[in-house]
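As a plain string of letters, each chain reads:
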Amino acid sequence: IALAGHTTSTDTFDITIGPDRLALTANTIRLPQARIHGTTDRIDLYLAWPEMVGYSSETRHRFNDLSRPGQLIFIQLGQSTMSRDMSGRLEPIYKDLFEDEEKPLEGGLTLHHLRRDSGYAGEVMITGKRDGQPDYAVRCILPEDQHSATNADCQRDIFAGRDLTVLYRFSSTLLPEWRAVDDAVRAYIEARLIRPESPAQDR
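Just so you know, these numbers come straight off a predicted model, no measurement behind them. (Residues numbered from 1 in each chain as written. Predicted model: local features only at pLDDT ≥ 70, side-chain atom pairs only at ≥ 80, totals over all residues. Heavy atoms only, no water.)

Draft legend 1. The arrangement of the packing of aromatic side chains in detail. The final tally for this structure, using the stated rule, is 5 aromatic pairs. With 4.9 Å between their ring centres and 80° between their planes, tyrosine 46 and phenylalanine 63 make a pair best called edge-to-face. Taken together, the positions of tyrosine 46 in strand β4 (residues 42–48) and phenylalanine 63 in helix α1 (residues 60–64) put the pair 17 residues apart, joining distant regions of the chain. Taking relative accessible area as the criterion, phenylalanine 63 reaches 1% and is therefore assigned buried. On the basis of an interplanar angle of 75° and a centroid distance of 5.4 Å, the ring pair of tyrosine 55 and phenylalanine 63 is categorised as edge-to-face. (Phe/Tyr/Trp six-rings, centres within 6.5 Å; stacked < 30°, edge-to-face > 60°. Helix = DSSP H or I, 4+ residues; strand = E, 2+ residues; numbered from the N terminus. Buried < 20%, exposed > 50% of the residue type's maximum accessible area, 1.4 Å probe, protein only.)

Structure follows, in structure tokens:
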């Protein structure tokens, strides 16, 4: 992050990824060279939690102090390369990799250890039930204690817009707030999509 080149500018850039267009402010875009109008394969954002705002004089300490986890949410936007998001992959893919033992966690979550031969060495899968929706699913590398946590221990991907994959990373210290984090990320991206104007109705 120290090399990312923070800016307090709130100039808005019109970014196109595949069939999706977004209006993103400079202070939420991590890399200086990405702060341009136009088409790109992917773009990386960072936001202060829980306000979901970019770098500013008020949030500066959170972007610069890496010793305090749970301060930031990192988001990568790209065109979808898979037909299912992480929740959609839970049943057909990840569940086959679970070991028998599971552990209940705070906030209605369940921790599942992944088989050592699964290709996810050192990671765990954490799931949660949601009414009327597929189960929540997130992959994490859990620290030995909270003092060792980072701002990117866990990662989850969801779909948005017409063909966007939204991969976001956050601290394992925020797992008890998983519903709020997931809702906030989805709402943030949806609010910045530039929707095509509806054709005028015949009169």
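Draft legend 2. Up close: the nonpolar core. If you look at the biggest cluster of nonpolar residues, it comprises 38 residues, and the most contacted ones within it are Leu45, Ile73, Ile75, Leu77, Phe170, Val185 and Ile189. The greatest single-element share of this core, amounting to 6 residues, is contributed by helix α3 (residues 178–192). With residues near it in sequence (within four places) discarded, isoleucine 75 still touches Ile43, Asp44, Leu45, Leu47, Val166, Leu167, Tyr168, Val185 and Ile189. Residues Met86, Leu90, Leu97 and Met125 belong to the second largest nonpolar core, which totals 8 residues. (Core = buried A, V, L, I, M, F, W, Y, C linked by side-chain atoms within 4.5 Å. Contact = heavy atoms within 4.5 Å.)

Draft legend 3. Fine view of unusual backbone geometry. Of note, the amide linkage connecting tryptophan 49 to proline 50 takes the cis form, showing an omega dihedral of 10°. In this fold, proline 50 is placed in the loop between β4 and α1. Phi angles above zero are rare outside glycine, and methionine 52 is one such case at about 60°. Tracing the chain through its elements places methionine 52 in the loop between β4 and α1.

Geometry only, nothing functional implied.
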